[in-house]
Amino acid sequence: MTIRRAAAELVRPQKCITQTPIQGWPGWDANRLVIRGDKDEQAVLCSKDKTYDLRIADTSNMLLFIPGCKTPDQLKMEETHCNIIHTEIFGFSNNYWELRRCRPKLKKLKKLLMENIYEGPDSQKEKDSNHSKYTTKDLLDQIQASEEEIMTQLQVLNACEIEGYWRILDFDYEMKLLNHVTQLVDSESWSFDKVPLNPCLQELGPLEPEEMIEHCLKCYGKKYIEEGEVYFELSADKICRATAQMLLQNAVKFNLAEFQEVWQQSVPEGMITSLDQLKGLALVDRHSRPEIIFLLKVDDLPEDNQERFNSLFSLREKWTEEDIAPYIQDLCGEKQTIGALLTKYSRSSIQNGVKVYNSRRPIS
């Protein structure tokens, strides 16, 4: 069902539909339901925090539209005698709307924000007003997801609201901010578990905008308050992961042993690197000699299930569950497991005593 057809079926020019409360649907925000998507996209219906596929289903029973019609539950609440009445039928239908919970379609969110990444206040791009920028309202109009799901994904992308517009920071600029913070922590002999906000802003404010410094602390740490002062507990895993991405982004393939040595030397003193920190970011090929590692980000892969598996199996013919799991975890729906996805989209076999998975269909 496309947005064009959905709008025609509803006979409404608006996208927003106000409904009376729907009983028995947990988590449903029944006061405001929104159909989202462009004209050529599959229609989805969104509540405040969930997304549903919107489709028309046929029924063998004819549905009649009667003015003042009451449901059996409503009749039970009224102590009235059963009477046969004659009434006019306003219309009929042989189909109805069917809603199925689905994953939010968030791939487009990153694509829109990557049109105009933020490279810092002094960047020439910031002086050019012709580049695309998106407010929260703009994103709600274009992304097929609920408001809560969109806001959660903006946090995952480390997006920042600058002058009312959502922006993704250029990775090199983000690393520049992070280096400022880690160098300050080292020079002041602070603990990474207790980085004070105000001294950070005072020291680094002359170098970068204060809101950018605070945004960096939020991205790589957890905020807490102690004795009235704001502190951040910086995550070693996030800092090590970002450092690895910086090292890998300019290399097609990296000798694994050499990479691990350079990586450990590149992170702040006291932090320990581990390949577990790179799940969904980089892939290790242990069958090559020497062993290699290369960048493979899960958010660069297709959003559709079959296309995702096709992409993974074109990259590597056979996968262990440990290797493939980080790249399909986000495809799991409600009560769906990685094992169920692998059963549906792949075949399993035993290779050298290890269970591996390959494609069910030929990959061109």
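Below or above, wherever it landed, is the structure these notes cover. Bear in mind that the values here come from a model prediction, so they are computed numbers and not experimental data. (Residues numbered from 1 in each chain as written. Predicted model: local features only at pLDDT ≥ 70, side-chain atom pairs only at ≥ 80, totals over all residues. Heavy atoms only, no water.)

Side note on the packing of aromatic side chains
Put simply, the rule is: Two aromatic rings from Phe, Tyr or Trp, using only the six-membered ring of Trp, form a pair when their centres are within 6.5 Å; if the ring planes differ by under 30 degrees the pair is stacked, by over 60 it is edge-to-face, and anything between is tilted. Helical segments are the DSSP runs of H or I of at least four residues, strand segments are the runs of E of at least two, and each set is numbered from the N terminus. We call a residue buried when its accessible area falls under 20% of the maximum for its residue type, exposed when it is over 50%, and partly exposed in between, using a 1.4 Å probe and counting protein chains only. Remark: a charge is flagged as sitting over a ring if the NZ atom of Lys or the CZ atom of Arg is within 6 Å of the ring centre and within 35 degrees of the ring normal.
Inspection of the entire model under this criterion finds seven aromatic pairs. For the ring pair Phe 259 and Trp 263, a centre distance of 5.3 Å and an interplane angle of 25 degrees mean the geometry is stacked. Residue Phe 259 and its partner Trp 263 are located together in helix H10 (residues 256-266), separated by four residues, close to a single helical turn. Side by side, Phe 259 and Trp 263 carry an identical accessibility label, which is buried. One aromatic cluster in this structure is built from Phe 254, Phe 259 and Trp 263. The ring of Tyr 165 has Lys 133 lying over it, and the distance from NZ or CZ to the ring centre is 5.7 Å. The positively charged end of Lys 194 is found above the aromatic ring belonging to Tyr 231, 5.1 Å away from the centroid.

Structural notes on the pairing of strand S9 (residues 221-226)
Filter applied, for reference: We treat two strands as partners when DSSP finds at least two bridges between them.
Here S9 pairs with strand S10 (residues 229-234) via six bridges, running antiparallel. The residue of S10 that forms the bridge with Tyr 224 is Tyr 231. Counting the residues that bridge the hairpin from S9 to S10 gives two residues, and of these Glu 227 lies at a positive phi of roughly 55 degrees.

Side note on a nonpolar patch on the surface
Rules: Grouping into patches uses exposed residues only, defined as over 30% relative accessible area, and leaves out salt-bridged ones; the cut-off is 9 Å for like charges and 5 Å for nonpolar side chains (Val, Leu, Ile, Met, Phe, Trp, Tyr). Each accessible area is a Shrake-Rupley estimate made with a 1.4 Å probe; only the visible protein chains count as cover when residues are assessed. Throughout this description, the term salt bridge denotes a Lys or Arg side-chain nitrogen within 4 Å of a carboxyl oxygen of Asp or Glu.
There is a patch of nonpolar side chains on the surface, built from Met 62, Leu 64, Ile 66, Ile 89 and Phe 92 and spanning about 480 Å² of accessible area. Here Ile 66 shows up in the loop between strand S4 (51-65) and helix H2 (72-77).

Some points on the packing of helix H6 (residues 171-187) against helix H7 (residues 197-204)
Here is the rule we go by: Every axis corresponds to a line fitted to the C-alpha atoms, with the helix fit spanning only the stretch in contact, and the corresponding angles, defined between N-to-C directions, vary from 0 to 180 degrees. Should an angle fall under 35 degrees it is called roughly parallel, over 145 degrees roughly antiparallel, and 65 to 115 degrees roughly perpendicular, with every other angle called oblique. For a crossing to be left-handed, the near helix must be turned anticlockwise from the far one by less than a right angle; the clockwise case is right-handed. A contact between two residues is defined here by any heavy atoms of the two lying within 4.5 Å. Polar here means any residue outside two lists: the nonpolar Ala, Val, Leu, Ile, Met, Phe, Trp, Tyr, Cys and Pro, and the charged Asp, Glu, Lys and Arg; Gly therefore counts as polar.
In the contact formed by H6 and H7, the axes pass within 11 Å of each other and the chain directions differ by 110 degrees. With respect to their mutual orientation, H6 and H7 come out roughly perpendicular. Crossing of H6 over H7 shows right-handed handedness. For the pair formed by H6 and H7, the contact residues are His 180, Val 181 and Leu 184 on the first element and Cys 200, Glu 203 and Leu 204 on the second. The residue inventory of the contact of H6 with H7, partitioned by class, reads four nonpolar, one polar and one charged.

Some thoughts on the environment of Gly 91
Summarising the element assignment, Gly 91 is placed in strand S5 (residues 91-101). Considering only alpha carbons, one finds Gly 91 and Phe 65, 26 residues apart in sequence, at a separation of 5.1 Å. Setting aside its immediate chain neighbours within four residues, Gly 91 contacts Leu 63, Leu 64 and Phe 65.

Brief notes about the sheet that holds strand S11 (residues 254-255)
As summarised here, the arrangement of the three strands in space is S11-S13-S12, forming an open sheet in which the pairing is antiparallel. Two strands close off the open sheet at either side, each with one partner strand: S11 and strand S12 (282-285). Relative to strand S13 (residues 292-295), helix H9 (residues 236-248) is tilted by about 95 degrees, and along the sheet it contacts S11, S12 and S13.

A few points about the pairing of strand S16 (residues 354-359)
In the sheet, strand S14 (residues 319-320) pairs with S16 via two bridges, with the strands oriented antiparallel. By the bridge assignment for S16, Trp 319 is matched with Tyr 357. Bridging between strand S15 (residues 346-351) and S16 involves six bridges; their strand directions are antiparallel. Its bridge partner being in S16, Ser 348 is matched across the sheet by Tyr 357. Once S15 ends, the chain turns through two residues before running back antiparallel as S16, passing Asn 352 with a positive phi of about 55 degrees.

As for the pattern of salt bridges
Within the structure shown, the criterion is met by 13 salt bridges. With a shortest N-O distance of 3.8 Å, Glu 41 and Lys 108 are connected by a salt bridge. Placement of Glu 41 in the loop between strand S2 (33-36) and strand S3 (44-46) and of Lys 108 in helix H3 (residues 107-113) is noted, with a sequence separation of 67 residues between them. The class for Lys 108 is buried, based on a relative accessible area of 19%. Between Glu 226 and Lys 194 there is a salt bridge, with its nearest N and O atoms 2.7 Å apart. Within this pair, whereas Glu 226 is found in strand S9, its partner Lys 194 is found in the loop between H6 and strand S8 (195-196), the two being separated by 32 residues in sequence. Glu 226 gets classed as partly exposed once you look at its relative accessible area, which sits at 32%. A single network of salt bridges, built from pairs that share partners, joins Asp 38, Glu 41 and Lys 108.

Looking at the nonpolar core
Note the threshold: In these notes, a set of buried Ala, Val, Leu, Ile, Met, Phe, Trp, Tyr and Cys residues joined through side-chain atoms within 4.5 Å is what counts as a nonpolar core. A domain assignment, automatic or from a database, supplies the domain bounds used here.
Judged by nonpolar contacts, the single largest core of 43 residues is most densely connected at Met 212, Leu 217, Phe 259, Trp 263, Leu 278 and Ile 293. Looking at this core element by element, the count peaks at eight residues for H6. Mapped onto the domain boundaries, this core takes at least three residues apiece from domain 2 (106-168) and domain 3 (171-234). The contact partners of Trp 263, leaving out residues within four places of it in the chain, are Cys 240, Thr 243, Ala 244, Leu 247, Thr 273, Ser 274, Leu 275, Gln 277 and Leu 278. Core analysis: the next-biggest nonpolar cluster, separate from the first, contains 19 residues, Leu 296, Ile 328, Leu 342 and Tyr 357 among them.

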